[in-house]
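# Architecture at a glance
If you want the building blocks of each chain, they are given just below.
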Amino acid sequence: RSPALLLVILAVPNLAPWPLQQLGWVDATLAHYALYGAAVAALCMLLMSEGTRVWWLICAFGAIEGLMCATCGALYLAVPVLPGPFEGMCDKMTGLPFTAVCLTIWAILAAGVFISSMTHRP
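Counting restarts for each chain: residues are numbered from 1 in the order of the written sequence. Residue-level local features of this predicted model are given only where pLDDT is at least 70; pairs of side-chain atoms are given and counted only at 80 or more, and the full residue set underlies all totals for whole chains, interfaces and linings. The side-chain quantities take in all heavy atoms of the structure and omit both hydrogens and water.

Paired rings are identified among Phe, Tyr and Trp, the last through its six-membered ring, by centres lying within 6.5 Å, and are further divided according to the angle between planes into stacked (under 30 degrees), edge-to-face (over 60) and tilted (the rest). Tallied over the full model, the rule gives one aromatic pair. Each ring, one from Phe 61 and one from Trp 106, has its centre 4.9 Å from the other, and the planes form 75°; the classification is edge-to-face. Here the residue Phe 61 occupies a position in helix H4 (residues 53-75), and Trp 106 occupies one in helix H6 (residues 98-119), the gap between them amounting to 45 residues. Comment: elements are numbered from the N terminus, with helices defined as DSSP H or I runs of at least four residues and strands as E runs of at least two.

Written out as structure tokens, the structure reads:
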């Protein structure tokens, strides 16, 4: 665990979009979105080794979802799409219901956290 590493992970999504935009083909808002997805993935991977099985599952899913957001944000550069209501960029780009699947997984993980907290009560 390194405070410098944490600082870099948190700083890159905020500091990198403007210099990237100067390249001429990178949208700063999109770069911010994609870099935050990567930051979420990195932070989840750093936290993965701590805690219980439920903690590990939440971190693993957070890392996967962060990488998915980063990937779909980066792919937007090649194929710009505007998602509709209750639809994410990955949904629009692939035609698959990623948002619905992620919400379902989050609900299952929330139920697991609740059940785990009830079974470990004093």
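Next comes the rest of the account.
A few words on the packing of helix H3 (residues 28-47) against H4. Each axis is a line fitted through C-alpha atoms, taken for helices only over the stretch in contact, and angles between the N-to-C directions span 0 to 180 degrees. Contact pair H3 / H4: the axes reach a minimum separation of 7 Å and the direction vectors enclose 160°. With respect to their mutual orientation, H3 and H4 come out roughly antiparallel. Here the hand of the crossing between H3 and H4 comes out left-handed. Of the residues in H4, those touching H3 at Leu 30, Tyr 33, Ala 34, Gly 37, Ala 38, Val 40, Ala 41, Cys 44, Met 45 and Leu 47 are Trp 55, Cys 59, Gly 62, Ala 63, Gly 66, Leu 67, Cys 69, Ala 70, Gly 73 and Ala 74. Any angle between 65 and 115 degrees counts as roughly perpendicular, while under 35 counts as roughly parallel, over 145 as roughly antiparallel, and the rest as oblique. Here a crossing is taken to be left-handed if its near helix is turned anticlockwise relative to the far helix by less than a right angle, and right-handed if that turn runs clockwise. It only takes one pair of heavy atoms within 4.5 Å for two residues to be counted as in contact.

All right, on to H4 then. One fewer than the residue count of a helix, multiplied by 1.5 Å, yields its expected span. Counted at 1.5 Å a residue, the expected span for H4 with its 23 residues is 33 Å, and the 33 Å between its end C-alpha atoms agrees. Listed in full, the buried residues belonging to H4 are Cys 59, Ala 60, Phe 61, Gly 62, Ala 63, Gly 66, Met 68, Ala 70, Cys 72 and Gly 73. For H4, the elements touching its buried residues are H3, helix H5 (89-94) and H6. Only protein chains enter the accessibility calculation, which uses a 1.4 Å probe; a residue whose area is less than 20% of its type maximum is buried, one above 50% is exposed, and one in between is partly exposed.

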